[in-house]
Amino acid sequence: MSERVNVKKKQSAPVAEAKAQAALPALGPKGMLRWAWTQLTSMRTALFLLLLLAVAAVPGSLFPQRPANPAVVTQYIKDHPDYGKLLDSLQLYDVYSSAWFSAIYLLLFISLIGCVVPRAIAHYKAMRSQPPRTPQRLSRLPEYGTLVIPSGAAIPSSDAINGAARVLRKRGYRVEVRDADGALPSLGAERGFMKEVGNLVFHTSLIGVLVSVAAGGLFGYSGQRILVEGDTFVNTLVGYDQFNPGTNFQPSQLQPYSLQLDKFNITFDRESKGKFGQPIDFAATVTTKENPDAPPKQETLKVNDPVSLGGTSIYLTGNGYAPVVTIRDGAGNVAMQGPVVAKLQGENYYSSVVIKVPDAQPDQLGFVGFFLPTAFVTDKNVSFSADPELFNPQLTLNSYYGDLGLNKGAPQNVFELDVKNLTPLNARNLAAGGITLAPGSTYTLPDGKGSISFDGVKRYIGVDIHHNPGQLSALVFALLAVAGLILSLYVNRRRVWVRTGTAADGRTMVEYGLLARGEDHRLAGEAAALRKLFAAEWQLPDEAVPGDAASAGAAPSQQSPSRAGDNVAGSVSTPAGPTGPKKDQ
Amino acid sequence: MPFGINETMGQYSELFMLLAAGTYTVAFIAFAWDLAKSSKALRAVDLKAAQAGTAARVPVGAGVATGSAGGRLSGPADRAERPSSSTAKAGGAGTDGIVTAGGDMKYAAERRVPARVAVALTTLAVLIHAAGVVTRALGAGRVPWGNMYEFLTTGAFLVAAVFLLSLVRRDLRFLGTFVVGLVIIMMVAASVAFWTPVGHLVPALQSYWLVIHVSIAVLSSALFTLTFAMSALQLVQSHRQKTVAAGGTDKLGFMRLVPSALSLENLSYRINAIAFIGWTFTLMFGAIWAEKAWGRFWGWDTKEVWTFVIWVVYAGYLHARATRGWTGTRAAWLSIVGYFCVIFNFTIVNTLFNGLHSYSGL
């Protein structure tokens with residue numbers, strides 16, 4: 001917190017020695033706890049924990065993280081057999097949910113609460129109490145000045161103090177006038193309580209952000225789905241390709257809305273040389289229904305422009321081509337017909353294709369190969385895709401027959417074909433060669449195993465579906481935090497004291513002092529502004545007032561030999577009472 | 001749909017950038033010349049003053065004092081040294097017998113011709129630089145911070161512009177070599193390591209949040225650059241003050257032009273406070289954009305991690321300023337570490353780390 005000052009002073013060597021020799025009384029369990037609490041909530045500990053948090057966050061950017069991509073972590077452990085497992089046991093692949101990272105931020109937040117609560121109570125009291133009593137020697141304050149009201153002005157010291165109070169109240173100070181009818185009336189004034197309020201709001205809001213994030217993790221959910229043009233997604237558990245529920249997720253939370261992908265358009269850069277062929281716009285036209293009986297609605301789903309539906313947001317996160325194929329088996333029946341999602345592999349939508357045909361008779365069929373939107377073959381017989389658009393689409397496949405292993409019930413990756421138990425039919429190195437298909441063409445498999453037709457190409461999109469109930473409150477708390485931060489940095493808490501008195505020759509003498517709580521580089525400016533306002537209040541001639549140099553700040557008057565004013569001041573600055581208040585800093 | 005690409009404008013922009021970099025280089029030399037010359041002149045003045053004794057100062061002080069004494073209620077003699085007072089009173093020809101520039105960083109009467117030349121040259125360079133940034137924006141048909149090259153060139157422009165703007169109110173010309181030097185490094189890095197021709201934005205960057213989030217990030221980084229320069233100078237000045245106070249010889253004469261360590265610390269604190277608010281907004285707007293683009297407002301992506309680390313380090317800096325034993329040199333180190341994190345976040349994280357922010361255009 002910004003102005004907690006540790007009161008411990010540096011000890012001189014003998015004091016420290018004496019302390020070491022002194023027999024310390026045993027603290028006892030209660031005392032130990034209190035000591036630990038004091039330590040935890042001290043500014044130094046908070047600062048240390050803060051810096052530790054910064055350091056602890058770093059490994060999460062150095063090592064792959066499970067929540068972001070579990071497959072990469074598995075691969076990383078495989079690639080680094082020497083220390084991969086060790087890092088895992090240190091939770092370095094789950095940094096942000098690790099015991100040590102959690103320990104740091106939880107301690108930090110406990111420390112924060114332990115600081116905010118007492119400070120809030122103290123500030124509440126301060127806001128309800130009057131400004132501190134007038135110090136005996138105002139001249140000791142960082143900003144100090146004097147004004148003299150000539151005797152002809154007929155402003156006695158009691159009127160002067162009330163005038164000063166008016167000026168300060170207008171300026172937003174809370175003012176208390178003391179001893180208005182006495183010989184030395186004075187006032188105490190204070191402003192800028194919002195500084196500490198902002199400070200407390202900022203720190204409390206951080207707790208709010210943390211709680212919101214936790215709530216989102218408990219009650220939220222997210223999932224992924226691939227949709228080929230024409231496909232419809234229904235928001236039920238089976239509708240997802242992958243689903244990540246929060247800890248307290250209930251399937252009843254899912255509202256059964258539907259979303260159909262009608263058309264997906266990509267605009268490619270045809271202007272610039274360096275980025276020729278790069279996609280510059282993705283737009284998916286979708287038809288949504290809030291629930292099965294609701295009227296359909298057409299919407300556009302774009303990157304940076306999600307569709308909101310049934311309490312969730314739907315994001316466009318990926319896309320690619322899905323060649324449409326028809327596969328007939330050895331018996332001449334259609335064993336499979338439809339689009340096959342091709343996985344992106346390289347530039348210009350160079351994608352891999354895996355087709356599994358478990359329904360083919362008498363043997364199951366499998367195909368592995370590539371899809372190229374604009375196929376080109378180099379001199380060295382390497383094919384590549386020269387453009388992302390469908391200028392010369394081509395399917396290049398190897399084929400296999402045998403048992404795909406799908407009947408055993410073990411889950412398989414749809415993008416991989418395990419060829420271990422399969423017999424190759426088509427491949428470059430076989431007599432039959434590989435299969436190369438253009439749209440509209442059909443290839444008949446060797447040995448009467450069937451045929452494959454390349455009917456056309458559709459596009460597909462990948463969507464992420466998210467529901468995070470903590471999101472809005474996190475935003476609200478973050479905004480509160482910023483507002484509090486700005487208040488705490490730019491509101492200045494200041495105290496002003498003014499004392500008036502009557503000199504022997506009938507002039508009314510005014511002295512005032514300013515004190516800032518916390519860092520305040522504008523205190524001198526405030527002193528100058530107050531001086532002007534006071535002068536205007538008592539209609540003193542501008543800048544002709546003696547004692548100007550005192551407020552200008554530039555003349556430290558180190559060599560001031562003269563104490564000419566002292567006898568005049570004598571009647572003013574001496575008796576502030578036997579219980580003379582001390583400065584509070 | 002985005003606007004069209006204008007390659008000619010892009011080429012003009014590169015020409016302007018080159019010219020600006022050249023002008024900055026000349027300005028840099030002028031600033032360095034100013035440091036060397038002024039510190040020599042100052043030393044000569046000091047020498048004369050030492051020979052003449054301190055007699056000359058007394059009547060002046062006494063005159064002021066008598067003039068003002070009439071209405072004074074009591075004479076505070078030590079006001080100039082109070083720590084909680086404004087920065088205007090810290091530093092100056094200090095009581096510890098070491099010469100530093102005035103703590104209020106106001107312009108003095110004496111003319112520093114090389115410094116004036118340097119500021120004029122920097123102004124010229126900033127104008128050319130502005131033309132480069134604007135033509136880049138026109139050439140690409142969008143805001144000029146869509147990749148690292150643009151972020152750096154626009155960022156360097158902001159650093160120089162903010163520096164010039166601050167010169168209107170404060171005499172920060174002592175920062176000139178440092179700031180202009182950093183600007184030159186940024187320009188060279190942009191042209192050599194991160195050069196990218198004008199082009200469209202990838203769909204992921206096509207959002208009004210690019211304008212908001214990145215502009216605040218560039219501005220905050222520019223301010224952090226200034227405070228980095230100040231904190232580094234603060235460390236040097238603090239070392240020099242200690243050396244001289246301990247009776248050592250003053251080997252760093254050019255530091256006479258620089259205000260005292262305390263004044264530097266106070267000013268860099270104020271700028272860091274602004275930059276910290278800016279960085280908080282960068283973080284927040286980034287989170288809002290992340291929610292819009294990726295479906296979650298925070299996911300510990302490498303860039304998010306480092307933005308968070310920077311935020312925490314500068315938060316630590318602000319706290320350090322209020323912690324006994326952590327002000328001064330330690331706080332300055334935190335400010336410097338924070339800036340290194342900013343640089344790391346921009347260079348290494350963007351280029352070597354895999355993450356969702358890999359839009360460097362490389």
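Residues numbered from 1 in each chain as written. Chains lettered and ligands numbered in written order. Predicted model: local features only at pLDDT ≥ 70, side-chain atom pairs only at ≥ 80, totals over all residues.

Focus: the overall build of chain A
Thought 1: Helix and strand counts for chain A come out as 13 helices and 24 strands.
Thought 2: Long-range contacts, defined here as pairs at least 24 residues apart, represent 65% of the contacts in chain A between residues at least 6 apart. (Helix = DSSP H or I, 4+ residues; strand = E, 2+ residues; numbered from the N terminus. Contact = placed C-beta atoms within 7 Å.)

Points about the overall build of chain B
Thought 1: Check the secondary structure of chain B and you find 10 helices and zero strands.
Thought 2: Of the regular secondary structure in chain B, the N- to C-terminal order runs α-α-α-α-α-α-α-α-α-α.
Thought 3: Among the 362 residues that make up chain B, the fraction classed as buried is 52%. (Buried ≥ 20, exposed ≤ 12 C-beta atoms within 10 Å, placed from the backbone.)

Section: the environment of R133(A)
Thought 1: Within the secondary structure, R133(A) is located in the loop between α7 (99-128) and β1 (143-149).
Thought 2: Each C-alpha atom of the pair R133(A) and G188(A) lies 6.4 Å from the other, and the pair is 55 residues apart in sequence.

Some details on helix α3 (residues 113-140) of chain B
Helical geometry note: an α-helix holds 3.6 residues per turn, so side chains three or four residues apart project in the same direction.
Thought 1: For α3(B), with 28 residues, the first-to-last C-alpha span of 40 Å sits near the 40 Å given by 1.5 Å per residue.
Thought 2: A positive backbone phi angle near 70° is found at G141(B), which sits one or two residues after α3(B). (Expected span 1.5 Å × (residues − 1).)

Details of the sheet that holds β1(A)
Residues and elements named next belong to chain A.
Thought 1: Taken together, the five strands give an open sheet; going across it, the order is β1-β24-β23-β3-β2, and neighbouring strands pair in antiparallel fashion. In this open sheet, the two edge strands, each paired with only one partner strand, are β1 and β2 (174-178). The average angle at which neighbouring strand axes cross in this sheet is 15°, direction not considered.
Thought 2: Across 10 bridges, strand β23 (residues 493-502) lies against strand β24 (residues 508-517) in antiparallel orientation. If you follow G501 over to β24, its bridge partner there is M509.
Thought 3: On top of the sheet, helix α8 (residues 157-170) reaches β1, β2, β3 (186-191), β23 and β24; it is set at about 160° to β23, its chief contact. (Pairing = 2+ DSSP bridges. Axes fitted to C-alpha atoms, helices over the stretch in contact; angles between N-to-C directions.)

What to know about helix α2 (residues 28-40) of chain A
Thought 1: Across its 13 residues, α2(A) extends 18 Å between first and last C-alpha, which sits within 8% of the 18 Å expected from 1.5 Å per residue.
Thought 2: Sparse coverage of α2(A) is indicated by the burial of zero of its 13 residues.

Brief notes about the nonpolar core
Nonpolar side chains tend toward joint burial in soluble globular proteins.
Thought 1: Y24(B), V179(B), V183(B) and V313(B) are the most contacted members of the largest nonpolar core, which totals 174 residues.
Thought 2: Looking at this core, the element that brings in the most residues is helix α7 (residues 261-294) of chain B, giving 15 residues.
Thought 3: A domain split of this core shows at least three residues from each of domain 1 (28-106) and domain 3 (221-467) of chain A.
Thought 4: Setting aside chain neighbours within four positions, we find V183(B) in contact with Y24(B), A156(B), V159(B) and A160(B).
Thought 5: In terms of nonpolar packing, the next biggest core, distinct from the first, is built from 33 residues, L147(A), L168(A), V510(A) and L515(A) among them. (Core = buried A, V, L, I, M, F, W, Y, C linked by C-beta atoms within 7 Å. Domains from an automatic or database assignment.)

Structural notes on the packing of helix α6 (residues 208-245) of chain B against α7(B)
Residues and elements named next belong to chain B.
Thought 1: Closest axis-to-axis distance for the α6/α7 pair is 8 Å, and the angle between their directions is 155°. Between α6 and α7, the interaxial angle falls into the category roughly antiparallel. For the element pair α6 and α7, the recorded crossing hand is left-handed.
Thought 2: Considered class by class, the residues forming the contact of α6 with α7 number 21 nonpolar, 13 polar and two charged. (Parallel < 35°, antiparallel > 145°, perpendicular 65-115°, else oblique. Left-handed = near helix turned anticlockwise from the far one by under 90°. Nonpolar A, V, L, I, M, F, W, Y, C, P; charged D, E, K, R; others polar.)

A closer look at the domain arrangement of chain A
As a measure of interface size, the accessible area lost when the parts come together is often cited.
Thought 1: Domain assignment breaks chain A into domain 1 (28-106), domain 2 (130-192 + 492-553 + 566-572) and domain 3 (221-467).
Thought 2: Taking only C-alpha atoms into account, the centre of domain 1 of chain A sits 40 Å from that of domain 3 of chain A.

Details of the environment of L172(B)
Residue and element names in this part refer to chain B.
Thought 1: Structurally, the position occupied by L172 is in the loop between α4 (148-169) and α5 (176-192).
Thought 2: Judged by C-beta crowding, with 20 C-beta atoms within 10 Å, L172 ranks as buried.
Thought 3: For the pair L172 and Y107, spaced 65 residues apart in sequence, the C-alpha to C-alpha distance is 8.9 Å.

A short note on the confidence of the model for chain B
Residue and element names in this part refer to chain B.
Thought 1: Per-residue confidence for chain B averages 81 on the pLDDT scale, and 83% of its residues sit at or above 70.
Thought 2: Confidence drops under a pLDDT of 50 for residues 54-96, and excluding neighbours within four residues, the segment shows 102 contacts in the predicted structure.
Thought 3: Note on the complex model: pTM 0.82, ipTM 0.81. (pLDDT = per-residue confidence, 0-100.)

With respect to unusual backbone geometry
All names here are of chain A.
Thought 1: The linkage connecting Q361 with the following residue, P362, adopts the cis geometry, with an omega of -5°.
Thought 2: The topology assignment puts P362 in the loop between β14 (351-357) and β15 (364-372).
Thought 3: Of note, D179 is a non-glycine position whose phi angle comes to about 55°, a positive value.
Thought 4: Along the chain, the position of D179 falls in the loop between β2 and β3.
Thought 5: The phi dihedral of N304 is positive, around 70°, even though this residue is not glycine.
Thought 6: Here N304 is to be found in the loop between β9 (297-302) and β10 (307-309).

Thoughts on the sheet that holds β9(A)
Residues and elements named next belong to chain A.
Thought 1: Spatially, four strands are ordered β5-β7-β8-β9 in an open sheet, and the strand pairing comes out antiparallel. One side of each edge strand has no neighbouring strand; the edge strands of this open sheet are β5 (232-234) and β9. Adjacent strand axes in the sheet meet at a mean angle of 30° when their direction is disregarded.

Regarding the packing of helix α8 (residues 302-320) of chain B against helix α9 (residues 329-346) of chain B
In a pair of packed helices, the angle between the axes and the distance between the axes together describe the arrangement.
All names here are of chain B.
Thought 1: The geometry of α8 relative to α9 is characterised by a closest axis approach of 9 Å and an angle of 170° between their N-to-C directions. As judged from the angle between their axes, α8 and α9 are roughly antiparallel. Handedness of the crossing formed by α8 with α9: left-handed. Seen from α8, the contacting residues are W306, T307, V309, I310, V313, Y314, G316, Y317 and A320; seen from α9, they are R330, A331, L334, S335, V337, G338, C341, V342, F344 and N345.
Thought 2: For the contact of α8 with α9, the residue count by class is 13 nonpolar, five polar and one charged.

Focus on the confidence of the model for chain A
Residue and element names in this part refer to chain A.
Thought 1: In this model, chain A carries a mean pLDDT of 85, and residues with pLDDT of at least 70 account for 88%.
Thought 2: Note on residues 1-11: pLDDT under 50 across the span, and 23 contacts to partners over four residues away in sequence or across chains.
Thought 3: Confidence over residues 544-585 falls short of pLDDT 50; this stretch has 95 contacts with residues more than four positions distant or in other chains.

So, the environment of S157(A)
All names here are of chain A.
Thought 1: Turning to its location among the elements, S157 is positioned in helix α8.
Thought 2: On the basis of neighbour count, S157 is assigned to the buried category, with 24 C-beta atoms found within 10 Å.
Thought 3: Residues S157 and R499 lie 342 residues apart in sequence; the distance between their C-alpha atoms is 8.7 Å.
Thought 4: Sequence-distant contacts of S157, that is, excluding residues within four places in its chain, are made with P185, T500, G501, T502 and T508.

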